[in-house]
Amino acid sequence: MKVLSFISNIFCPPKCIFCEKLIGVNCQNNYCEKCLSELIIKSERICQMCGRPIEVPRGELICFTCANERYNFSRNIALFLYKGKVKDAIINMKFSANNQWIAYTFGELLADHISKQYSDVGFDGIVYVPSSKKRQKKRGYNQAEIIALAVGKILGLPVLKDALIKYKETPKQSTLSSAERRKNINGSYKAGETDVTDKVLLLIDDVLTTGSTMSECAKMLTKAGALLVYSATIAVTEGWDTKCRLRGKRLKITRRNSTYYTK
Ligand SMILES: [Zn+2]
Ligand SMILES: [Zn+2]
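Reading the values: rules and limits
- Residues numbered from 1 in each chain as written.
- Chains lettered and ligands numbered in written order.
- Predicted model: local features only at pLDDT ≥ 70, side-chain atom pairs only at ≥ 80, totals over all residues.
- Heavy atoms only, no water.
- Axes fitted to C-alpha atoms, helices over the stretch in contact; angles between N-to-C directions.
- Helix = DSSP H or I, 4+ residues; strand = E, 2+ residues; numbered from the N terminus.
- Parallel < 35°, antiparallel > 145°, perpendicular 65-115°, else oblique.
- Contact = heavy atoms within 4.5 Å.
- Nonpolar A, V, L, I, M, F, W, Y, C, P; charged D, E, K, R; others polar.
- Pairing = 2+ DSSP bridges.
- Phe/Tyr/Trp six-rings, centres within 6.5 Å; stacked < 30°, edge-to-face > 60°.
- Buried < 20%, exposed > 50% of the residue type's maximum accessible area, 1.4 Å probe, protein only.

**A word on the packing of helix α3 (residues 84-95) against helix α4 (residues 100-117)**
A pair of packed helices can be characterised by two numbers: the angle between their axes and the separation between those axes. Axis separation between α3 and α4 bottoms out at 7 Å; the angle between their running directions is 130 degrees. When the interaxial angle is binned, α3 and α4 end up oblique. Here Ala 89, Ile 90, Asn 92 and Met 93 of α3 lie close against α4, whose contacting residues are Ile 102, Ala 103 and Phe 106. Residue composition of the contact of α3 with α4, grouped by class: six nonpolar, one polar and no charged.

Structural data, given as structure tokens:
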């Protein structure tokens with residue numbers, strides 16, 4: 001296998017998924033260590049709900065974006081913020097069937113992150129956010145499924161392919177406001193034929209934005225009998241913490257009848 005990958009690397013030299021520079025033929029990874037260490041979320045304070053870095057000092061490990069949110073998954077973890085080179089790589093991953101290797105590389109990176117961050121969770125299987133039949137046919141693949149297959153292979157966990165079905169064609173989430181996203185996603189997914197009763201599941205997608213897709217999928221899995229649903233995404237969009245810091249603004253947030261101000 002190693003010989004094969006060495007030969008294929010000579011004919012098709014690997015590029016870094018982030019900066020697209022060529023990597024040495026002996027390198028086993030499709031990314032430069034420099035890019036990875038620059039881009040990975042490094043904050044020691046990570047929101048225990050969405051996986052975003054907490055940039056505004058406060059007493060609890062929940063970010064301002066999640067302050068008024070309730071999700072149906074237990075927790076999300078993410079590797080990167082959805083911006084710059086990471087955003088470009090994720091767009092490239094969705095752009096062409098020839099770029100499925102980008103999804104697989106992200107899956108390898110995510111598997112490592114999951115094994116560290118969820119070391120105390122015993123998963124029974126992996127589920128991914130499905131595409132509608134129409135979209136999958138048009139694109140030819142679902143990037144979340146490829147990421148899930150890579151994670152499953154590395155962590156030795158089964159990927160439960162028919163656990164979730166997207167049965168309602170919805171406008172692309174990226175074109176909608178956050179309130180519209182929630183409404184749009186409502187009732188778009190349902191549990192499939194795979195039995196998830198009493199299972200502890202790991203739900204995978206590429207990007208977490210408002211969390212409404214993951215939350216709806218987790219809701220359907222729980223309704224179908226799943227015990228717990230944890231989630232993992234390649235990236236998360238920037239939250240209110242980062243926006244406030246970058247704009248130097250104070251933000252008033254009301255949570256459980258208490259009012260917080262960012263500094
Ligand atoms: Zn690079
Ligand atoms: Zn959060």
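**Side note on the sheet that holds strand β2 (residues 125-128)**
Pairing within the open sheet is parallel, and its four strands lie in the order β1-β6-β5-β2. Single-partner strands in this sheet number two, and they are β1 (76-81) and β2. Going across the sheet, the axis of each strand differs from the next one's by a mean of 20 degrees, ignoring polarity. Strands β1, β5 (200-208) and β6 (228-236) of the sheet are contacted by α4, whose axis makes an angle of about 135 degrees with β1. Running at roughly 130 degrees to β5, helix α6 (residues 143-155) makes contact with β2, β5 and β6 of the sheet.

**Description of the packing of aromatic side chains**
Working definition: an aromatic ring pair is given by the centre-to-centre distance plus the angle between the planes. Applying the stated criterion across every chain yields a total of seven aromatic pairs. Pairing Tyr 71 with Phe 73 gives two aromatic rings, centres 4.8 Å apart and planes at 10 degrees, and the pair type is stacked. When its relative accessible area of 5% is taken as the criterion, Phe 73 is described as buried. Here the aromatic rings of Tyr 118 and Phe 123 are separated by 5.6 Å at their centres, their planes lie at 75 degrees, and the arrangement is edge-to-face. Look at Tyr 118 and you get buried, because its relative accessible area is 3%.

Treat this as a map of the structure, not an account of what it does.
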